[in-house]
Amino acid sequence: MAGHGLVPAIPHRVAHRAGGEGTAGEHADESVGRDPSRRDASHDVVDGAGPCTGRRHRRHHAERHASHTAAVERFTAELRELCAIPCEASDKKALDSAARWCRERLRAAGFTDARELRADGAPALVVGQAGAGQRTLIAVQHYDVQPAVPLELWKTPPYEPAVRDGAMYARGVDDNKGHLLLRIQAIEAHRAVYGELPIRVRFLIEGEEESGSPNLAKLLALEPDLTGGEGALKEGGAIDSQGRPLLSLGGKGILYCHFHVRTMSRDAHSGGATHYPNAAMRLAQAFASLMDATGRVLIEGFYADVRKPTAAEREMLERMPFDAQATKDVVGIERFAFGRTDDEAKRASVFEPTCNVCGIEGGYNGPGSKTVIPREASGKIDFRLVPDQDPDKIATLLRAHLDRSGFGDVEFSAEEGEHPYRGPADAPLVRAVAAVAEEAFGKPPVLVPSSGGTSPMWVVCNARRMANVTLGMGHPGAGAHAPNEHILMENYWRALRATARLYSAFASQE
Ligand SMILES: [Zn+2]
């Protein structure tokens, strides 16, 4: 029921005009003939049951209301079912059943070739394609989720999806299962309202996104045609606190490094600190050598490949809202790090790479005191990268920096590397998404050249410099990766409606 009456309907003329575009119209009736129940159901999810006041409309309204309820119930039940699968990286069985679930759901939506690709025991990449036309839209999604711990902070168990006050709570309901599923359901909704798909839509649904997609390139290489297309729908998507759709056109890359240093064969009495080397201090000094007080990374060559933002991207940044006060309040600070002004912080969040110590450990940190010289220390750093930095190259530069700076004994392994990707803003897909998002959410969208997070868009899009964009429904308090992750069902139906519309709009968008 969420969404009914709350969501402004797409005006009928929009739906029917779209139905008449190209070949969509002729097939619309076929689809009705084949499966009338499905048609009615999906039709009303997309179309919304608008105000229907006339007396002769009353019966029609009651029927539509019933079928609308049926569609809402079926789609909601599917979302609960998918979110109940605990597919964290450590649970291979759950990953397998989620992959199977996605494959079957694609088949049910008419993706007759839906299948699972496998390599080296990695979770399956589920792929499938439907529709016909000049253009191909690639939906790059994932079914794996972040660990749900700490469980005691959840109001209801993470894998027992619960609906409260128009919101659904479950691990993964925002990132990325809700988004993944509504993009499939939108295919059915599209067929019901606008007719057959006037484009090819190809799903690539991986099971290792939350672990840095280590096998995605290998899996895609099994069938090189999988990355051929005219645009990509990226995972996720959000609206801001004012209800404006945020369309992200890129993401930062990442290099994640595990450090280790060992200075002695055993810990020693701190009386020997005059002549015994301390591993914790050694690692702290190595880390300190990486960045200066203004946040500039000191690794030689680190910035060499950083692409200058275009004029259009700088303009996008200008128009992008950035609530500096709220950004400070949420973590209780008065000033941003590195002496950055509000404007500098906003710019850096989009265009600057980072060097961030995630953790450091060594020696004695228990209760009371222990006078000891630790023999070993370890730590972790993530570098968020911007186009066109290359994680492998940055790892090589990091090694050279440590050696040159006298830290040859500080070892590290680069465990996770993903390229950044920032696609073009001047592309038919971006214009089509902006139009359908505004139509469904009632507010002009905000274009974000790059979000701070990382998605595996480079492996899919870079060879053709393909446009990529989000069209989603997450809200500012959704809690992705955190306890009590949830979505507002009203936004779910809006995003579903926008996505169904997109499948037609993108076909003819210039
Ligand atoms: Zn995700």
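Residues numbered from 1 in each chain as written. Predicted model: local features only at pLDDT ≥ 70, side-chain atom pairs only at ≥ 80, totals over all residues. Heavy atoms only, no water.

Student: Lay out the overall build of the protein chain with the relevant residues and their values.
Tutor: A tally of helices and strands in the protein chain yields 15 helices and 20 strands. Put simply, the protein chain has 510 residues, and 51% of those count as buried. Contacts in the protein chain between residues far apart in sequence, at least 24 positions, make up 80% of those at least 6 positions apart. Surface accessibility of the protein chain: about 22,500 Å² in total, with carbon and sulfur atoms responsible for 52%. (Helix = DSSP H or I, 4+ residues; strand = E, 2+ residues; numbered from the N terminus. Buried < 20%, exposed > 50% of the residue type's maximum accessible area, 1.4 Å probe, protein only. Contact = heavy atoms within 4.5 Å. Areas by Shrake-Rupley, 256 points an atom, 1.4 Å probe, with all protein chains shown as cover.)

Student: Please provide a residue-by-residue account of the coordination of the zinc ion, values included.
Tutor: Around the zinc ion, the protein supplies His142 (NE2), Asp175 (OD) and Glu235 (OE) as donor atoms, at distances of 1.9 to 2.2 Å. Sequence positions of the donors to the zinc ion reduce to the motif H-x32-D-x59-E. In this pair, His142 is assigned in strand E3 (residues 136–142) and Asp175 in helix H6 (residues 173–193), connecting sequence segments 33 residues apart. In this structure, His142 and Asp175 share a single accessibility class: buried. (Donors = N, O, S within 2.8 Å, 3.2 Å for Na, K, Ca; no water.)

Student: Provide a residue-level description of the sheet that holds E3, including the pertinent values.
Tutor: A sheet is described by the order of its strands in space; here six strands give the open sequence E1-E2-E6-E3-E7-E19, paired in mixed fashion. The open sheet is flanked by strand E1 (115–117) and strand E19 (468–469), the only strands paired with a single partner. The pairing of E3 with strand E7 (residues 231–233) spans three bridges and is parallel. Each bridged residue has a counterpart across the sheet, and for Ile138 the counterpart in E7 is Ala232. (Pairing = 2+ DSSP bridges.)

Student: Kindly report on the sheet that holds strand E20 (residues 486–488), identifying the contributing residues and their values.
Tutor: The antiparallel open sheet is built from three strands, whose spatial order is E4-E5-E20. The sheet is open, and its two borders are formed by strand E4 (162–164) and E20, each paired with just one other strand. When the angles between neighbouring strand axes are averaged without regard to direction, this sheet yields 25 degrees. Pairing analysis gives three bridges linking E4 to strand E5 (residues 167–169), with the strands arranged antiparallel. Bridged to Arg164 within E5 is Ala167. Each of E5 and E20 is contacted by helix H15 (residues 489–508), which is oriented at about 70 degrees to E20, the strand it contacts most. (Axes fitted to C-alpha atoms, helices over the stretch in contact; angles between N-to-C directions.)

Student: Can you tell me about H6, naming the residues and giving the values?
Tutor: An ideal rise of 1.5 Å per residue puts 30 Å on 21 residues; H6 reaches only 26 Å between its terminal C-alpha atoms. Of all 21 residues making up H6, 21 are buried, and the element is well covered by its neighbours. Just past H6, the residue Gly195 takes up positive phi, approximately 105 degrees. (Expected span 1.5 Å × (residues − 1).)

Student: Can you tell me about the pairing of strand E9 (residues 245–248), naming the residues and giving the values?
Tutor: In the case of a regular strand, side chains alternate between the two sheet surfaces. The pairing of strand E8 (residues 238–239) with E9 spans two bridges and is antiparallel. Each residue of the ladder has a partner; that of Ala238, found in E9, is Leu246. Hairpin connection of E8 to E9: five residues between the antiparallel strands, including Gly243 at a positive phi of 85 degrees. Pairing of E9 with strand E18 (residues 446–448), which is carried by three bridges, proceeds in the parallel orientation.

Student: I'd love a proper account of the nonpolar core, names of residues and values included.
Tutor: Formed by 70 residues in total, the largest nonpolar core has its most connected members in Leu79, Tyr143, Phe203, Tyr492, Leu502 and Tyr503. For this core, the secondary-structure elements that each account for two or more residues are helix H4 (58–83), helix H5 (92–108), strand E2 (125–130), E3, H6, strand E6 (200–206), helix H13 (428–441) and H15. Once residues lying within four places of it in the same chain are set aside, the contact partners of Tyr503 are Leu137, Arg183, Ala186, Ile187, His190, Leu197, Pro198, Ile199, Val201 and Phe203. With 26 residues, the next largest nonpolar core counts Phe259, Ile381, Leu385 and Ile394 among its residues. (Core = buried A, V, L, I, M, F, W, Y, C linked by side-chain atoms within 4.5 Å.)

Student: Give me the packing of helix H9 (residues 311–319) against helix H11 (residues 342–351): which residues, what numbers.
Tutor: At a minimum axis separation of 11 Å, H9 and H11 run at an interaxial angle of 130 degrees. Considered as vectors, H9 and H11 are oriented oblique to each other. For the element pair H9 and H11, the recorded crossing hand is right-handed. On the side of H9, the interface is formed by Glu313, Leu317 and Glu318, while H11 contributes Lys346, Arg347, Val350 and Phe351. (Parallel < 35°, antiparallel > 145°, perpendicular 65-115°, else oblique. Left-handed = near helix turned anticlockwise from the far one by under 90°.)

Student: Account for empty space enclosed by the protein, naming residues and giving values.
Tutor: Tallied over the full model, the rule gives two cavities of 30 Å³ or more. Volume-wise, the largest cavity comes out at about 50 Å³. Along the walls of the largest cavity sit Lys234, Gly250, Gly251, His419, Pro420, Tyr421, Ser455, Met457, Trp458 and Asn468, which together make up its complete lining. Residue composition of the lining of the largest cavity, by class: four nonpolar, five polar and one charged. (1 Å grid on protein atoms, 1.4 Å probe; cavity = no way out; pocket = protein on both sides within 12 Å on 5 of 7 lines; lining within 4 Å. Points joined across faces, edges and corners; volume = space filled by probe spheres on them. Nonpolar A, V, L, I, M, F, W, Y, C, P; charged D, E, K, R; others polar.)

Student: Go over H11 with me, naming the residues and quoting the values.
Tutor: Residue pairs three or four apart in sequence face the same way in an α-helix, which turns once every 3.6 residues. If you check which residues of H11 are buried, you get Ala345, Lys346, Ala348, Val350 and Phe351. Turning to H11, the residues buried within the fold contact H9 and strand E17 (421–422).

Student: I'd like to hear about the packing of aromatic side chains, residue by residue, with values.
Tutor: Tallied over the entire structure, the rule returns seven aromatic pairs. Both rings, one in Phe302 and one in Phe383, keep their centres 6.0 Å apart while their planes meet at 50 degrees; by these two values the pair is tilted. Of the two residues, Phe302 is situated in the loop between helix H8 (279–288) and H9 and Phe383 in strand E15 (residues 376–385); the sequence distance between them amounts to 81 residues. Residue Phe302 shares its accessibility class with Phe383, and that shared class is buried. Taken together, a centroid distance of 5.2 Å and an interplanar angle of 85 degrees make the contact between Tyr492 and Trp493 edge-to-face. Each member of the pair, Tyr492 as well as Trp493, is classed as buried. Members of the aromatic cluster, each reached through a chain of ring pairs, are Phe259, Phe287 and Phe412. The cationic tip of Arg135 hangs over the ring face of Phe506; the distance from NZ or CZ to the ring centre is 5.1 Å. (Phe/Tyr/Trp six-rings, centres within 6.5 Å; stacked < 30°, edge-to-face > 60°. Lys NZ or Arg CZ within 6 Å of the ring centre and 35° of its normal.)

Student: Which residues make up a nonpolar patch on the surface, and what values go with them?
Tutor: Taken together, the side chains of Val330, Val331 and Ile333 present a nonpolar region at the surface, about 280 Å² in accessible area. The residue Ile333 is located in the loop between helix H10 (324–329) and H11 in this model. (Patch = residues over 30% accessible without salt bridge, like charges linked within 9 Å, V, L, I, M, F, W, Y side chains within 5 Å. Salt bridge = Lys/Arg side-chain N within 4 Å of Asp/Glu carboxyl O.)

Functional significance is not addressed by these values, which are geometric in nature.
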